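Now for the letters of each chain:
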Number of protein chains: 6
Amino acid sequence: MSTLAPIADLESNPRVKAVFDDIRATRQTDFINNMWRYLAFDAGLLEQTWAEVKAVMATPSEIDPLTKEMLYIAVSIANNCGYCVHSHTAAARAKGMGEGQYAELLKIVALAAKTNHLATALQVPVDTCFDAGAPGA
Amino acid sequence: MSTLAPIADLESNPRVKAVFDDIRATRQTDFINNMWRYLAFDAGLLEQTWAEVKAVMATPSEIDPLTKEMLYIAVSIANNCGYCVHSHTAAARAKGMGEGQYAELLKIVALAAKTNHLATALQVPVDTCFDAGAPGA
Amino acid sequence: MSTLAPIADLESNPRVKAVFDDIRATRQTDFINNMWRYLAFDAGLLEQTWAEVKAVMATPSEIDPLTKEMLYIAVSIANNCGYCVHSHTAAARAKGMGEGQYAELLKIVALAAKTNHLATALQVPVDTCFDAGAPGA
Amino acid sequence: MSTLAPIADLESNPRVKAVFDDIRATRQTDFINNMWRYLAFDAGLLEQTWAEVKAVMATPSEIDPLTKEMLYIAVSIANNCGYCVHSHTAAARAKGMGEGQYAELLKIVALAAKTNHLATALQVPVDTCFDAGAPGA
Amino acid sequence: MSTLAPIADLESNPRVKAVFDDIRATRQTDFINNMWRYLAFDAGLLEQTWAEVKAVMATPSEIDPLTKEMLYIAVSIANNCGYCVHSHTAAARAKGMGEGQYAELLKIVALAAKTNHLATALQVPVDTCFDAGAPGA
Amino acid sequence: MSTLAPIADLESNPRVKAVFDDIRATRQTDFINNMWRYLAFDAGLLEQTWAEVKAVMATPSEIDPLTKEMLYIAVSIANNCGYCVHSHTAAARAKGMGEGQYAELLKIVALAAKTNHLATALQVPVDTCFDAGAPGA
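Here the structure is a predicted model, which means the values were calculated and not measured.

Here we take up the overall build of chain A. Check the secondary structure of chain A and you find six helices and zero strands. For chain A, the succession of helices and strands along the chain, N to C, is α-α-α-α-α-α. A principal-axis box enclosing the C-alpha atoms of chain A has dimensions of 60 × 40 × 35 Å. Across the 137 residues of chain A, 61% fall into the buried class.

Okay, here's the thing in structure tokens:
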């Protein structure tokens, strides 16, 4: 089920084809997952989203690629996006995440969810020393 | 503002004192942040929460301590817990997170939030190849 | 899958029949979507919910009907309700939403999600001039 | 900080006064908390919201008043509404919630948050026997 | 669909078998629902989660078992966990929740969600008298 | 309170100054709100975020500027971002939102939140006719 009908010949649109070609070249695979196929209903949305994903996730930077995927999974779980949980868990595994790391990731996410709810329940005041904006901090 | 009145002499409760002593020993600091001071209204809740935090966050494991803190921040942002965002951002900095890593963390969280909402909006079907439970997967 | 067994002859309950009749008359269609069929397990819940939906969504007011549906979609995406995303996207299309407007709606929702997470991450202080409750504001 | 300037003489509006009078009579107190003072900028919104709160929360029913307040707190924590957490925690205490019950409530909320995130992370398939809508269920 | 392949012979792992045996004894049933089957990919995660569920949910305490399940449902709805909504609604029914109580539970959850969003929209300031941490409160 | 110390002389960084100049020119005001001042700790994050906000929110398109702001408010309420609720409510008023429209917006958001929770609670199956991806849809 989806809110868009699949489009038969997506790559007849040259802007879509250009993005798909770049996805294939960047990821070194012929596979284009559904996220991109659905975003392709609007070429501008597809281009802007892919450009950002490529810049943030597929460009070497200070955070290593596997850690990036685990951060992506963590946010996707908390935001409850089933599609993103599936696609980024697969991506993390492709980048080497073992079962031990996966179990640890889940323990951290579950613990954070728990303490998030406890802090909200108690409306715990932020300690002054945590305020980076305090004079002299 | 909080839902609990601060308790004057928390450590007169030996169960609370034992947890606070362990926090001080584990973190090698005299500082006990508000989260623990508020949870202390119920010794069992304090003990169980600290035991879990210590086991997951303060025990050497496959994921390094700084990455753990960044994962905690990511979940806390998505769950919108101001207290936890403050305390774990401070903890990540204490463990060496530089401004470049912090900026990258924010870019990943922001991008994940964006694509989470897009995938939910379109109700994108999960690609078969992402289903680890599929026969033959 | 659902948490309720479908009821065979819903309209044998006159309170349910009265609501369904009003839905049909208001929307000028014979189709009753599942939301109402499931809420019908409790006539009071069905009546109160439909009365509110009719008053807010199906009564002429300052916000035009298509904008109302787009606002409903925006909230439903952020709250991650798959059923509501589906039903209100269909409703918005029935009220004239074109693909260009739909793409724009998604861009706004995605951008808001992104900046929501950034503002929460940084715990950005609210500018004084945004406080409508400030003296002299 | 708020998005509305406080209105000086709220009860000069007879519709607002009627609702405030009913709140005072129902709760047997002269105190009108800020939620109602702010909703009063629109008499219809105030009337509809109070009517629903009165019907659901202040009318004897199958769920006792304290349990209702604890359920309200649970949802408000999960939805991260600081105002509602404060007001309904105060209301639950006024209806007799002791510190032991409060601690238990927090343990349940925290545990549910944890397993919610774990089930979402693993995308655990719903067991067939939980589907009330299954033929023969 | 799930992010883990089902494991063929889960109970060949003695740590998993011990937990499953305890679940069967505690619940007096042979049925092990999917949540535990999936968590079993990591024995430590399974053990810790079950220990906490058993302590909080299956141990006599100040809050009765049916109320506990209803609180669990409330959080699971607000956190949008389909699996948890299904499993705890089934559990609540097994503990005696009637359709009248279920309808009331839904009315409370729906009303809380509504006022949560209204309080957030208006950024209603917390009344001073709700602050348990205020001097003299 | 914030997670970043304010930077004294932000515009000594020419990349920051260029963005701030563009914000001033686009909005025709000298005021730079805190969101941009905080994002400025990383010039790339500031540039990318402003470019996207400008393209989506400040460029004439099929959705009028006031509707865009109301959609932004709706998402920000559901995502519980206090900063964004404040800034976009102020922006919507600056673009002409009257109190009547504001009250209506709140009624729609509150109603959507309510039915989102009801549909999730009941796990209402999506009607086949809402599936745009169905063959023949």
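Now for the interface of chain F and chain C. The figure often quoted for interface size is the accessible area lost as the parts come together. Contacts between chain F and chain C engage 64 residues on the former and 64 residues on the latter. Buried surface at the junction of chain F and chain C, both sides included, amounts to about 6000 Å², of which 71% is carbon and sulfur. If you sort the residues of chain F by the area they bury against chain C, F:I108, F:L122 and F:F130 come out on top, with a joint share of 11%. At the surface where chain F touches chain C, the tally comes to four salt bridges.

Residue and element names in this part refer to chain A. What the domain assignment reports for chain A is domain 1 (11–59) and domain 2 (62–123). When each unit is reduced to the centre of its C-alpha atoms, the spacing between domain 1 and domain 2 is 24 Å. Contact residues are listed per partner, giving six residues for domain 1 and four residues for domain 2. Overall, the association of domain 1 and domain 2 removes approximately 500 Å² of surface from exposure, summing both partners, and the carbon and sulfur fraction of that is 58%. Sorting the residues of domain 1 by area buried against domain 2 places N33, M35 and M57 first, and these three jointly supply 75% of that buried surface. At the junction of domain 1 and domain 2, the tally comes to zero salt bridges. Going through the elements one at a time, α2 (34–39) and α3 (43–57) are the ones with two or more residues in the side of domain 1 that touches domain 2. In terms of residue class, the side of domain 1 that touches domain 2 is built from three nonpolar, three polar and no charged.

Turning our attention to helix α4 (residues 65–78) of chain B. Residue and element names in this part refer to chain B. With 14 residues, α4 extends 20 Å from end C-alpha to end C-alpha; this agrees with the ideal 20 Å at 1.5 Å per step. Burial analysis of α4 places 13 of its 14 residues in the buried class, the great majority of the element. Within two residues after α4, N80 carries a phi angle of roughly 65°, on the positive side.

By a simple turn and slide, chain F fits onto chain C: the slide is 0.0 Å along the axis, the RMSD is 0.0 Å, and the turn is 180°. In the structure described here, the two chain copies are related by an operation that fits a two-fold rotation axis. Here 100% of the contact residues of chain F are again contact residues in chain C; the copies associate through an equivalent surface.

Moving on to the relation of the copies chain A and chain B. Note on the chain copies: they are related by a rotation about an axis and a translation along it. Of the transformation placing chain A onto chain B, the axial shift is 0.0 Å and the rotation is 180°, giving an RMSD of 0.0 Å. A share of 100% of the interface residues of chain A reappears at the interface of chain B, consistent with the copies meeting face to face through the same patch.

Attention now goes to the UniProt feature "domain: Carboxymuconolactone decarboxylase-like" (unreviewed entry) in chain A. Here the UniProt feature "domain: Carboxymuconolactone decarboxylase-like" (unreviewed entry) sits at residues 48–124 of chain A. The distance from the first to the last C-alpha atom of residues 48–124 of chain A is 39 Å, and the span holds 79% helix and 0% strand.

Time to look at the interface of chain A and chain B. Between chain A and chain B, the residue contacts involve 64 residues of the former and 64 residues of the latter. Across the interface of chain A and chain B, roughly 6000 Å² is buried in total on both sides, 71% from carbon and sulfur atoms. Looking at the side of chain A facing chain B, the largest losses of area belong to A:I108, A:L122 and A:F130, adding up to 11% of the total buried there. Viewed at the interface, chain B and chain A are joined by four salt bridges. A salt bridge links A:E104 to B:K68; the shortest N-O distance between them is 3.8 Å. On inspection of chain A and its partner chain B, the count reaches 28 residue pairs in polar contact (both at pLDDT 80 or more).

This part is about the pattern of salt bridges. A complete count under the given rule lists 66 salt bridges over all chains for this structure. One salt bridge in this structure joins A:K114 and B:E52, with 2.5 Å as the shortest N-O distance. A residue pair is termed interchain when its members come from two chains, as with A:K114 in helix α6 (residues 99–122) and B:E52 in helix α3 (residues 43–57). Look at A:K114 and you get buried, because its relative accessible area is 1%. Members of the salt-bridge network, linked through shared partners, are A:E11, A:K17, A:D21 and A:R24.

The full count for this structure, using the stated rule, is three cavities of 30 Å³ or more. For the largest cavity, the calculated volume is near 680 Å³. As for the largest cavity, its lining consists of 46 residues, and the residues nearest its centre are B:A78, C:A78, D:A78, E:A78 and F:A78. Within the lining of the largest cavity, the residues separate by chemical class into 16 nonpolar, 30 polar and no charged. Considered as a void within the structure, the second largest cavity measures approximately 40 Å³ in volume. Taken together, A:L4, A:A5, A:P6, A:I7, A:R37, A:Y38 and A:F41 form the lining of the second largest cavity. In terms of residue class, the lining of the second largest cavity is made up of six nonpolar, no polar and one charged.

Moving on, we get to helix α3 (residues 43–57) of chain E. Over its 15 residues, α3(E) runs 21 Å from end to end, which matches the ideal 21 Å to within 8%, given 1.5 Å per residue. Of the positions making up α3(E), those classed as buried are E:A43, E:L45, E:L46, E:T49, E:W50, E:E52, E:V53, E:V56 and E:M57. Among the structural elements, α6 of chain A, α3 of chain B, α6 (99–122) of chain D together with α1 (14–27), α2 (34–39) and α4 (65–78) of chain E are those in contact with the buried residues of α3(E).

Here we come to the packing of α4(B) against helix α5 (residues 82–94) of chain B. Describing two packed helices takes the angle between their axes plus the distance from one axis to the other. All names here are of chain B. At a minimum axis distance of 9 Å, the contact between α4 and α5 shows a crossing angle of 160°. Classified by the angle between their axes, α4 and α5 sit roughly antiparallel to one another. The hand of the α4/α5 crossing is left-handed. Residues L66, E69, Y72, I73, S76 and I77 of α4 form the contact with α5, whose own contacting residues are C84, V85, H88, T89, A91 and A92.

Moving on, we come to the environment of D:N34. Within the fold, D:N34 resides in helix α2 (residues 34–39). Each C-alpha atom of the pair D:N34 and D:S87 lies 9.7 Å from the other, and the pair is 53 residues apart in sequence. For D:N34, the residues in contact, after removing those within four places along its chain, are D:Y83, E:V124, E:P125, E:V126 and E:D127.

All right, on to the packing of aromatic side chains then. A full pass over the atoms with the stated rule returns 24 aromatic pairs over all chains. Arranged with centres 6.3 Å apart and planes meeting at 75°, the rings of A:F130 and B:Y83 form a pair that is edge-to-face. Taken together, the residues span two chains, with A:F130 in the segment after α6 and B:Y83 in helix α5. For A:F130, a relative accessible area of 13% puts it in the buried group. Ring plane angle 40° and centroid distance 5.5 Å describe the contact between D:F41 and F:Y102, whose orientation is recorded as tilted. With D:F41 in the loop between α2 and α3 (43–57) and F:Y102 in helix α6 (residues 99–122), this pair bridges two chains. With respect to burial, D:F41 and F:Y102 carry one shared label: buried. Geometry around C:Y102 places C:R93 over its ring, the cationic atom sitting 5.0 Å from the centre.

At a minimum axis distance of 8 Å, the contact between helix α4 (residues 65–78) of chain D and α4(E) shows a crossing angle of 30°. Considering their axes alone, α4(D) and α4(E) lie roughly parallel with respect to each other. The crossing of α4(D) and α4(E) is right-handed. From α4(D), D:T67, D:M70, D:L71, D:A74, D:V75 and D:A78 reach across to α4(E), where they touch E:T67, E:M70, E:L71, E:A74, E:V75 and E:A78. Broken down by class, the residue content of the contact of α4(D) with α4(E) amounts to 10 nonpolar, two polar and no charged.

Conventions and cut-offs
- Residues numbered from 1 in each chain as written.
- Chains lettered and ligands numbered in written order.
- Predicted model: local features only at pLDDT ≥ 70, side-chain atom pairs only at ≥ 80, totals over all residues.
- Heavy atoms only, no water.
- Helix = DSSP H or I, 4+ residues; strand = E, 2+ residues; numbered from the N terminus.
- Buried < 20%, exposed > 50% of the residue type's maximum accessible area, 1.4 Å probe, protein only.
- Contact = heavy atoms within 4.5 Å.
- Buried area = accessible area lost by both parts, 1.4 Å probe.
- Salt bridge = Lys/Arg side-chain N within 4 Å of Asp/Glu carboxyl O.
- Domains from an automatic or database assignment.
- Nonpolar A, V, L, I, M, F, W, Y, C, P; charged D, E, K, R; others polar.
- Expected span 1.5 Å × (residues − 1).
- Least-squares fit on C-alpha atoms with pLDDT ≥ 70 in both.
- UniProt positions renumbered as here; feature names shortened; annotations may be inferred.
- Polar contact = N/O pair within 3.5 Å; in protein donor to acceptor, adjacent residues only side chain to side chain.
- 1 Å grid on protein atoms, 1.4 Å probe; cavity = no way out; pocket = protein on both sides within 12 Å on 5 of 7 lines; lining within 4 Å.
- Points joined across faces, edges and corners; volume = space filled by probe spheres on them.
- Axes fitted to C-alpha atoms, helices over the stretch in contact; angles between N-to-C directions.
- Parallel < 35°, antiparallel > 145°, perpendicular 65-115°, else oblique.
- Left-handed = near helix turned anticlockwise from the far one by under 90°.
- Phe/Tyr/Trp six-rings, centres within 6.5 Å; stacked < 30°, edge-to-face > 60°.
- Lys NZ or Arg CZ within 6 Å of the ring centre and 35° of its normal.

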